[in-house]
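Examination of the molecular architecture
Chain residues, written in single-letter form:
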Amino acid sequence: MEIKAVRGFNDLLPNEIGKWQFVEETAREVFEGFGFSEIRIPILERTELFSRGIGEATDIVEKEMYTFTDRSGNSLTLRPEATASMARAYLEHQLYTFDPVAKLYCIGPMFRYERPQKGRYRQFYQIDAEVFGVENPMVDAEVIVMLIHFLKRVGLEKLELQINSLGCHACRPRYREELKKFLTQKSFQLCEDCQRRLQTNPLRIFDCKVETCQEAIANAPKVTDFICPECQKHFDKVKEHLETAGLTYILNPRMVRGLDYYTRTAFEVVSYQLGSQNAVTGGGRYDNLFQEIGGLEIPGIGFAIGMERLVSLLPKDKEFVQTPYLFIAALGEGPLKEAYRIVNQLHLQGIRAELDYEGKSLKSQMRRADKFKAQYVLILGDEELKQGKAVLRNMETKFQEEIPIPNLVNILKEKVRRQE
RNA sequence: GUGAGUGUAGCUCAGUUGGAUAGAGCACUGGGUUGUGGCCCCAGUGGUCGAGGGUUCGAGUCCCUUCACUCACCCCA
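What counts, and where the lines are drawn
Residues numbered from 1 in each chain as written. Chains lettered and ligands numbered in written order. Predicted model: local features only at pLDDT ≥ 70, side-chain atom pairs only at ≥ 80, totals over all residues. Heavy atoms only, no water. Helix = DSSP H or I, 4+ residues; strand = E, 2+ residues; numbered from the N terminus. Expected span 1.5 Å × (residues − 1). Buried < 20%, exposed > 50% of the residue type's maximum accessible area, 1.4 Å probe, protein only. Polar contact = N/O pair within 3.5 Å; in protein donor to acceptor, adjacent residues only side chain to side chain. Core = buried A, V, L, I, M, F, W, Y, C linked by side-chain atoms within 4.5 Å. Domains from an automatic or database assignment. Pairing = 2+ DSSP bridges.

Some remarks on helix α5 (residues 137-153)
Since the α-helix advances by 3.6 residues per turn, residues separated by three or four positions end up pointing in the same direction. Given a rise of 1.5 Å per residue, 17 residues ought to cover 24 Å, and the 24 Å separating the end C-alpha atoms of α5 matches this to within 8%. By the burial criterion, the buried members of α5 are P137, V139, D140, A141, V143, I144, M146, L147, I148, F150 and L151. Looking at where α5 begins, the residue whose side-chain oxygen comes 2.8 Å from the main-chain nitrogen of M138 is N136. Downstream of α5 by one or two residues, G155 has phi in the positive range, about 105°.

Right, here's the structure in full:
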């Protein structure tokens, strides 16, 4: 094979697509039940939407975007995430004139130029849900409740919900300084990366996996001790609402988010079966995003689910493959022609049917039928054709009966109905 | 961008201290009653040993370069 898919871009083959369809269908059902509407947005946006929305200094913008100049000289970028585009669409079409509150979800591919590894690809799929226009902590909890409900519906177990508050633009800088001051005293035990982070983004040191860094940060001041009274109140309400909804969560004061726009509530659902990239989904509140891209002060909260991470956690025992209902084994030219006519007729009735076009031996056709896990095989030879009949074999019970060809469609439809 | 590991048939892998025509299992195709599947038996198709160069009488085995994949770091879903 000479031409292969480019690095980090994967094919989803028929044998695994059932899981994806199942996940997407469940998401639509659950989200719409919670009052969300689907929105579809372009895969390509003007680069500045992301550089302003996500933040100029973030890793995504600095080194992970697929950016190019088009033929008319505009800088365009393959979307690395969906939230900014959804916010842009909300502003552009002034959805707030219909109602200030918008509950939206979106399913599709995102692109980030990173070194691929387990659970991380250059094209990856996300399910996004966002609520624009509400600052009330009730919505924070509502969104999380919906997320957990969805994950359970899809069959995930052993998940851990972690939450934190990152404070707002008023109180976070204060905490940042405090943390910086604390860590500067211990900078001698920080690794090289963290020395750098101390200057650029001290919060990130919490994420470091180096042991000495973890020791250094063990007794560091917590965000939650520094957030302003309003943020504190907001966070308390979120926790309260989660508890009334019966959700258990883990407070993780060390959880930080990589995108600049996050404020206040931040959350993540992790699974320890995933390997190093253990977050199935992450999200939070972003009360500054809209100002960055449009000037209006509109609060928002939402999350993104990593589809390939989620699919990899799906219970294995679930069967998602579609098998043909009927396989027609035709013997000879005349029967093949008749079989072809029948198959077409069945397809029009929505009955999955296959046949062998190559005129192979009955044995070989039976083997194929078996491989495809067909429930019935119709055997059609010259004799049967002459009499206008065919042999219908139930592959599981091995029961065979002769049936008149004109009745076949009705007989099969009846069998399908009885099965359901 | 950095580090480590792995590249032999469609898949999973054997291949001794370098030695002659490169193997197995699974899969695929055909056959074992002329028109009946799964199990079993037999046969067959299929490999420029990732690529390029070097050492050697001789390289799948050793050396160098390169590419790809995987995992991890950075960071994130």
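As for the nonpolar core
With 42 residues, the main nonpolar core has V23, F31, I127, F150, F267, F303 and L310 as its most contacted residues. For this core, the element with the highest residue contribution is α5, accounting for nine residues. In terms of nonpolar packing, the next biggest core, distinct from the first, is built from 32 residues, M65, Y90, Y261 and Y286 among them.

Quick word on the domain arrangement of chain A
Segmentation of chain A into domains returns domain 1 (14-171 + 227-313) and domain 2 (326-415). The gap between the C-alpha centroids of domain 1 and domain 2 is 50 Å.

Some remarks on the pairing of strand β9 (residues 263-270)
Across the eight residues of β9, eight count as buried, placing the element largely inside the fold. Here strand β7 (residues 160-165) runs beside β9; their pairing, made up of six bridges, is antiparallel. Looking at β9, one finds that N164 is bridged to A266. Sheet analysis places β9 next to strand β10 (residues 279-285), joined by six bridges and oriented antiparallel.

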